[in-house]
Amino acid sequence: MKNKARTLKKVRKVEKPPYTIDKSKLKRFSRKNVIFSRVMWDSSWKGYHQMYNEKMINLINEGRSGYSRVDFALAYASWVVHDAFEGGFSWKRIKQYRTPAAMKELNWMKTRFKVEDPLEMSIHVKRAAKLFGASLVGICHLNRNWLYAEIEIPKKFKNAIVMAVEMDADGIATSPTAIAAAATGAGYSKMAFTLACMGEFIRNLGYEAIQCGNDTALSIPLAIDAGLGELGRNGMLITPEYGPRVRLCKIFTDLPLQPDNPIEFGVKEFCKKCKLCAKNCEAGAIPLDDEPSFKIACKSNNPGVLKWCVDAEKCYLYWRENGTDCSTCIKVCPYNVASAKKASLSPEDFWKESL
Ligand code: SF4
Ligand code: SF4
């Protein structure tokens with residue numbers, strides 16, 4: 001299937017992922033240092049035990065546009081599948097209510113479908129991922145540098161299927177309101193559905209699947225390896241189709257698959273001059289330096305990769321002020337704007353748009 005957006009942006013397939021590593025500095029990143037974990041254990045910084053949503057009631061009472069009871073109701077509803085459906089992030093066969101007799105006879109997990117052609121199987125996997133809600137899907141060999149330091153995965157899991165789920169463009173266009181937070185939460189809940197269906201698809205072929213959201217490994221380098229996009233100044237994956245307006249998830253599997261090539265479409269050069277995310281970030285968390293570097297901003301950054309490091313501490317503390325999360329560095333990115341109907345939307349217009 002020819003992809004129009006990719007053609008327009010002059011996407012080139014390349015042999016190696018378009019990032020630069022300093023092997024002497026790169027270590028597997030500890031999950032403990034993800035900013036949300038540090039809120040719980042790291043007493044050395046200002047955000048320790050400061051929950052970012054504590055101000056919700058005050059904001060509702062203030063009556064600010066985009067922070068109403070209805071807006072927060074939407075935001076919290078959006079997470080329900082992600083938070084309540086355990087099957088979304090399963091490493092094993094998901095408990096099903098009914099097992100059809102025919103399925104028992106076939107004994108899915110004990111007999112394997114013979115994969116004669118990994119490329120053909122990759123096409124099946126990609127088609128299935130789209131059917132189950134992925135907006136983009138790519139395949140790479142699993143580079144274990146991207147696994148969190150605490151995670152061990154058996155060697156037989158050689159492949160990663162990386163999927164991107166588009167977030168609602170109108171919702172993101174209201175950032176930093178609670179409506180934009182709903183677009184984020186809905187992205188996470190959709191991921192849980194897509195992952196569960198894909199995991200079971202693979203298990204029904206007799207192979208294993210480890211379904212992952214933000215747990216287990218860093219999604220962005222895996223997505224770059226799998227040819228979904230490049231790294232932007234805002235610390236996010238920039239895709240040709242939606243810019244950074246996606247959520248990422250992945251499945252590690254022993255199913256034989258053909259990896260995709262990484263891609264390049266000039267993001268790093270564009271980011272050097274654009275700087276819109278940095279100029280619009282209320283927290284001042286995104287560097288304005290012309291060139292990327294190996295400097296890190298805080299211990300929630302992974303050292304050893306040439307990039308612009310987003311200061312996750314400043315970002316989190318702004319979320320706390322805001323009473324909900326923020327997607328402004330997604331909203332203003334020209335790669336998002338090119339794919340959205342409107343670059344910016346008021347909460348009032350968002351609610352009208354749905355009619
Ligand atoms: S999410 Fe918001 S606060 Fe955080 S870096 Fe992006 S624009 Fe800045
Ligand atoms: S807003 Fe501009 S500088 Fe920031 S990630 Fe997007 S293209 Fe790069």
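All figures in this text were calculated on a predicted structure; none of them were measured in a lab. (Residues numbered from 1 in each chain as written. Chains lettered and ligands numbered in written order. Predicted model: local features only at pLDDT ≥ 70, side-chain atom pairs only at ≥ 80, totals over all residues. Heavy atoms only, no water.)

### As for the overall build of the chain
Now for step 1: The helix and strand inventory of the chain stands at 16 helices and eight strands.
Now for step 2: Against the compact-globule benchmark of 20 Å for 355 residues, the chain has a radius of gyration of 20 Å, which places it among compact chains.
Now for step 3: Across its three principal directions, the C-alpha atoms of the chain cover 60 × 45 × 45 Å.
Now for step 4: The burial tally for the chain puts 50% of its 355 residues in the buried class.
Now for step 5: In the structure as shown, the chain presents an accessible area of about 17,700 Å², 56% of it carried by carbon and sulfur atoms. (Helix = DSSP H or I, 4+ residues; strand = E, 2+ residues; numbered from the N terminus. Rg over C-alpha atoms; globule rule 2.2 N^0.38 Å. Buried < 20%, exposed > 50% of the residue type's maximum accessible area, 1.4 Å probe, protein only. Areas by Shrake-Rupley, 256 points an atom, 1.4 Å probe, with all protein chains shown as cover.)

### Concerning the pattern of salt bridges
Now for step 1: The full count for this structure, using the stated rule, is 21 salt bridges.
Now for step 2: The shortest N-O distance in the salt bridge between Lys25 and Asp22 comes to 3.7 Å.
Now for step 3: In this structure, the salt-bridge partner of Glu166 is Arg245, at a minimum N-O distance of 2.7 Å. One end of the pair, Glu166, is in strand β3 (residues 159-166); the other, Arg245, is in the loop between β6 (237-238) and β7 (246-253), and 79 residues separate them in sequence.
Now for step 4: Overall, the relative accessible area of 29% leaves Glu166 in the partly exposed class.
Now for step 5: Each of Arg38, Asp42, Lys299 and Glu313 takes part in one network of salt bridges that share partners. (Salt bridge = Lys/Arg side-chain N within 4 Å of Asp/Glu carboxyl O.)

### Considerations on the site of ligand 2
Now for step 1: Residues in close proximity to ligand 2 include Arg233, Asn234, Ile238, Phe270, Cys271, Cys274, Lys275, Leu276, Cys277, Cys333, Pro334 and Tyr335, which together make up its full environment.
Now for step 2: At the level of secondary structure, the elements contributing two or more residues to the shell around ligand 2 comprise α11 (267-274), α12 (276-280) and α15 (334-337).
Now for step 3: Here the shell around ligand 2 gets three residues from one element, more than from any other, and that element is α11. (Near = heavy atom within 4 Å.)

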